[in-house]
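So you can see what is in the structure, the chains are spelled out below.
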There are 2 protein chains.
Amino acid sequence: MDTGDSTDEYFKSYEDLEVHRLMLEDKPRTLAYKNAIFACSDKFQNKIVMDVGAGTGILSVFCAKAGAAKVYAIEASHMAQVAKEVVRENGFESIIEVIHSKVEDLKSDDIGKVDIIVSEWMGFHLMHEGMLDSVLVARDQFLKENGLMFPNEAKLYASPCELPTVYDFWNDVYGVSMEFVSREQRRLKSKKPNISSLEANNLLTDGKLLVWLDLSTATMPELLCLGGESTVVPCNRNGIYQGICVWFSVTFPDGSELSTSPEYESTHWKQSIVVLPHDIPVTKDEPVAFKLELRKDSLKPRIYNVEYTQLDPENVEHDIPCHCYMTKCLVIKAYLSEHPEEDIQGRET
Amino acid sequence: MDTGDSTDEYFKSYEDLEVHRLMLEDKPRTLAYKNAIFACSDKFQNKIVMDVGAGTGILSVFCAKAGAAKVYAIEASHMAQVAKEVVRENGFESIIEVIHSKVEDLKSDDIGKVDIIVSEWMGFHLMHEGMLDSVLVARDQFLKENGLMFPNEAKLYASPCELPTVYDFWNDVYGVSMEFVSREQRRLKSKKPNISSLEANNLLTDGKLLVWLDLSTATMPELLCLGGESTVVPCNRNGIYQGICVWFSVTFPDGSELSTSPEYESTHWKQSIVVLPHDIPVTKDEPVAFKLELRKDSLKPRIYNVEYTQLDPENVEHDIPCHCYMTKCLVIKAYLSEHPEEDIQGRET
């Protein structure tokens, strides 16, 4: 019996609603998409768009407002009902079609080809609990040749860092010493990446690019294991090497970028910190070498495990030029400053 | 085999550790206990103390520092290992004895009688997920006649309030309207008390005392159902009645107080908000009548369910004097101001 008092339950719990509020309230995230879509409104005019993992449907509404002729808002979860309501409330029923389905279960006959795929698929440290797999399935199945990916590139960066305030608290808790708890905390934090916000001045080096994905061409097998190359970066100052700070950026077709670097306004992704088991004092220009690998879990494909390996900078190929204090790099730097016209890297390869 | 590399796991997970950090970092909470214990150091000199639910053991260390001859730190969870380590690190092994047990399972023969019981037992809205039951068991079993309870009183307050910013967000989400989500949010928030921090100026009335427990005499049956009396409070200003803000205070034997009122510095308990299903506009001096009852869950004794009933101020006994605009209260107020020597309340009873 319809009592007239509608009690449709769009959200399963208050926490469920809060997750979406958290994402929507993340201004750098939501505005990056809005601004990029509106900046490319010429590309959206009368085009067919697919929004993969539409959630509340906000990106679909942005696309419709930017001039899309048709938007397929694909949402696998119960959020599809919310997206439908948002579409109705904003008067876009004739343009946006919310489809409650996994994109993997859609048939080409249902939709045909699309001009643009929009998706906010990123998880912590880009891949963890993200849904890039589904976006690539959608691309291969539905995107026209030379269609646009929104975003179209993704990059993962890392930088050795200090972790201030994490351990100091326990040294003097209102006059009580709990130093062993800080050791416990470090042990527990070393087990998996910590999601927390650092300040730019906590970084010890420039960000090192670990992964660069072109989303128009990336393939599923490439996503099984990302990073993993031995890398070395010189410290910009004296400090204590306590962890690796990992962040990402995605780039849109207009060249604009959404970055989770500690240099930029904080997002709900914050940064991912790999905490080292022990402090390592470092000095300015000292090279720090490591390997960081993100590997898709064999049982849970949306889970990425992060493996950190500490390396000896002697055994790792340095950038050319590199401002570290090792003799080879000093010599190369001196040679290059005397012969600015030379391309030593080009000659070596 | 002891490898020499100790890997005792004091905390089960990082989240487990963070809970205790959150409580310790709650300055109003931890300093209220520290300051009250130190202010009463004459009462602690050479006394036997029991700390019920010792957690990290910090209160036990405060008691030992204040001069206690013996402290029994009773902790039922795996945190007992942490407390032992804290005691050792601070050199109080000879004074503080950590006992890994429920206080309910201790025998009088093990401990004998104690002079003081210290406990931080309070949960959200005082009772929810708290452990006052165990403190009363400890008191009845172990506290000497005329022994001290620390804290010795607890009070629960409530005040009708406004809930700014809770719903406004959804009206314009970067140009997209999601008003139905704010309706959803209200529906979900109405289901159980929300733990969140209000500002003092969100309150519409003075705080109304709902519950006053003397911890030296309170009994377990009294804790089954708290509050529940019909009550009325006049508004201090015009506004929108959107919820009831609930907070508590505990008082120590030196008269000092730990309060979670929005008038004071925020604690990890924040305030508990009962959200009304609909806005109710109110005006200055308008009486708001309600009943709020905290009832122990019949299956889970640490859970308290909160029941709110909206009442007609006509049918509820008002305070004397009451500054609401109802005729009876205006008359009484006028009479009292003409006859300041009269005790009208005394005469009526």
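Residues numbered from 1 in each chain as written. Chains lettered and ligands numbered in written order. Predicted model: local features only at pLDDT ≥ 70, side-chain atom pairs only at ≥ 80, totals over all residues. Heavy atoms only, no water.

Attention shifts here to the overall build of chain A. For chain A, the helix and strand inventory stands at 10 helices and 15 strands. Taken along its principal axes, the extent of the C-alpha atoms in chain A is 75 × 60 × 35 Å. Taken across its 349 residues, chain A has 52% of its residues classed as buried. For chain A, the exposed surface amounts to about 16400 Å²; the carbon and sulfur share of it is 49%. Between the averaged position of the 35 positive side-chain charges in chain A and that of its 56 negative side-chain charges there is a distance of 2 Å. (Helix = DSSP H or I, 4+ residues; strand = E, 2+ residues; numbered from the N terminus. Buried < 20%, exposed > 50% of the residue type's maximum accessible area, 1.4 Å probe, protein only. Areas by Shrake-Rupley, 256 points an atom, 1.4 Å probe, with all protein chains shown as cover. Lys, Arg positive; Asp, Glu negative; His and termini not counted. Charge placed at Lys NZ, Arg CZ, Asp CG, Glu CD.)

Within a regular beta strand, the side chains point alternately toward one face of the sheet and then the other, so they alternate between its two faces. All names here are of chain A. Burial analysis of strand β6 (residues 153-161) places 8 of its 9 residues in the buried class, the great majority of the element. Pairing geometry for β6 and strand β8 (residues 208-214), over 6 bridges, is antiparallel. Across the sheet, residue Leu156 finds its bridge partner in β8, namely Val211. (Pairing = 2+ DSSP bridges.)

Each copy of the sequence occupies a distinct position, and chain A is placed on chain B by a rotation of 180 degrees and an axial shift of 0.0 Å, giving an RMSD of 0.0 Å. On the angle and the small slide along the axis, the relation comes out as a two-fold axis. By C-alpha distance to the rotation axis, the residue of chain A lying nearest is Glu15 of chain A, at 8.9 Å. Most of the interface of chain A is mirrored in chain B: 100% of its interface residues are interface residues there too. (Least-squares fit on C-alpha atoms with pLDDT ≥ 70 in both. Contact = heavy atoms within 4.5 Å.)

Looking now at the packing of aromatic side chains. All names here are of chain A. Overall, the coordinates contain 18 aromatic pairs over all chains when judged by the stated rule. Between Phe290 and Tyr308 the ring centres are 6.4 Å apart and the planes differ by 25 degrees, which places this aromatic pair in the stacked class. You can see Phe290 sitting in strand β14 (residues 287-296) and its partner Tyr308 sitting in strand β15 (residues 304-311), a full 18 residues away along the chain. An aromatic cluster of three or more residues is present, and its members are Tyr33, Phe44, Phe150 and Phe252. (Phe/Tyr/Trp six-rings, centres within 6.5 Å; stacked < 30°, edge-to-face > 60°.)

So, about the domain arrangement of chain A. Residue and element names in this part refer to chain A. If you check the domain split of chain A, you get domain 1 (6-120) and domain 2 (154-317). Distance between the C-alpha centres of domain 1 and domain 2: 32 Å. Facing 11 residues of domain 1, the contacting portion of domain 2 comprises 10 residues. Between domain 1 and domain 2 lies a buried interface of about 890 Å² when both sides are counted; carbon and sulfur atoms form 75% of it. One can count 0 salt bridges joining domain 1 with domain 2. Applying the counting rule to domain 1 against domain 2 returns 1 residue pair in polar contact (both at pLDDT 80 or more). Of all the secondary structure elements, the ones that give two or more residues to the side of domain 1 that touches domain 2 are α1 (14-25) and α2 (27-39). The biggest single contributor to the side of domain 1 that touches domain 2 is α2, with 6 residues. (Domains from an automatic or database assignment. Buried area = accessible area lost by both parts, 1.4 Å probe. Salt bridge = Lys/Arg side-chain N within 4 Å of Asp/Glu carboxyl O. Polar contact = N/O pair within 3.5 Å; in protein donor to acceptor, adjacent residues only side chain to side chain.)

With that settled, consider the interface of chain A and chain B. With 46 residues of chain A in contact, the opposing surface of chain B contributes 46 residues. Buried surface at the junction of chain A and chain B, summed over both partners, amounts to about 3900 Å²; 64% is from carbon and sulfur atoms. Scanning the region where chain A abuts chain B turns up 23 residue pairs in polar contact (both at pLDDT 80 or more). At 8 residues, the largest contribution of residues to the side of chain A that touches chain B is made by helix α8 (residues 179-189) of chain A. Taken together, the residues of the side of chain A that touches chain B break down into 21 nonpolar, 9 polar and 16 charged. (Nonpolar A, V, L, I, M, F, W, Y, C, P; charged D, E, K, R; others polar.)

Turning our attention to the packing of α8 of chain A against helix α1 (residues 14-25) of chain B. Any two packed helices are characterised by the angle at which their axes cross and by the distance between the axes. Packing of α8 of chain A against α1 of chain B brings their axes to within 9 Å, and their N-to-C directions diverge by 145 degrees. By crossing handedness, the relation of α8 of chain A to α1 of chain B is classed as left-handed. Here α8 of chain A contributes Val181, Glu184, Gln185, Leu188 and Lys189 of chain A to the contact with α1 of chain B, which in turn contributes Tyr14, Leu17, Glu18 and Arg21 of chain B. Grouping the amino acids of the contact of α8 of chain A with α1 of chain B by side-chain chemistry returns 4 nonpolar, 1 polar and 4 charged. (Axes fitted to C-alpha atoms, helices over the stretch in contact; angles between N-to-C directions. Left-handed = near helix turned anticlockwise from the far one by under 90°.)

All names here are of chain A. If you trace the backbone, Asp115 turns up in strand β4 (residues 114-118). Residue classification places Asp115 among the buried residues on the basis of a relative accessible area of 13%. A polar side-chain atom of Asp115 sits 2.8 Å from a polar atom in the side chain of Lys144. In this view, Asp115 contacts Lys47, Ile48, Leu143, Lys144, Gly147 and Leu148; residues no more than four positions away in its chain are not counted.

To continue, consider the pattern of salt bridges. Applying the stated rule across the entire model yields 28 salt bridges over all chains. When the shortest N-O distance is used, the salt bridge between Asp133 of chain A and Lys296 of chain A registers 2.5 Å. Here Asp133 of chain A is found in helix α7 (residues 132-142), whereas its partner Lys296 of chain A is found in strand β14, with 163 residues between them in sequence. You'll find Asp133 of chain A and Lys296 of chain A in the same group, each marked buried. Close ionic contact of Arg139 of chain B with Asp140 of chain B constitutes a salt bridge, the shortest N to O distance being 3.0 Å. Using a relative accessible area of 55% as the deciding quantity, one classes Asp140 of chain B as exposed. Put simply, Glu293, Arg295 and Glu307 of chain A are held in one network by salt bridges that share partners.

All names here are of chain A. Strand order across the open sheet formed by 5 strands is β3-β2-β1-β4-β5, with parallel pairing between neighbours. Each of the sheet's edge strands pairs with one partner strand only, and the pair in question is β3 (96-100) and β5 (143-150). Ignoring which end each strand starts from, the neighbouring axes of this sheet average 25 degrees apart. Here strand β1 (residues 48-52) runs beside β4; their pairing, made up of 3 bridges, is parallel.

Residue and element names in this part refer to chain A. Alignment of β4 against β5, held across 4 bridges, turns out to be parallel. Across the sheet, Ile116 pairs through a bridge with Leu148, a residue of β5. In this region the chain leaves β4, passes through α7 and returns to the parallel neighbour β5; the handedness of that crossover is right-handed. (Right-handed = clockwise from strand over helix to strand, strands pointing away.)

As enumerated under the stated definition, the model contains 2 cavities of 30 Å³ or more in all. The calculated volume of the largest cavity comes to roughly 80 Å³. Trp121, Leu126, Met127, Gly130, Met131, Leu132, Asp133, Lys296, Pro301, Arg302 and Tyr304 of chain A together form the lining of the largest cavity. In terms of residue class, the lining of the largest cavity is made up of 7 nonpolar, 1 polar and 3 charged. Its volume calculated, the second largest cavity comes out at about 60 Å³. Considering the residues around the second largest cavity, the lining is formed by Met127, Gly130, Met131, Leu132, Asp133, Lys296, Pro301, Arg302 and Tyr304 of chain B. Of the residues that constitute the lining of the second largest cavity, the class distribution is 5 nonpolar, 1 polar and 3 charged. (1 Å grid on protein atoms, 1.4 Å probe; cavity = no way out; pocket = protein on both sides within 12 Å on 5 of 7 lines; lining within 4 Å. Points joined across faces, edges and corners; volume = space filled by probe spheres on them.)

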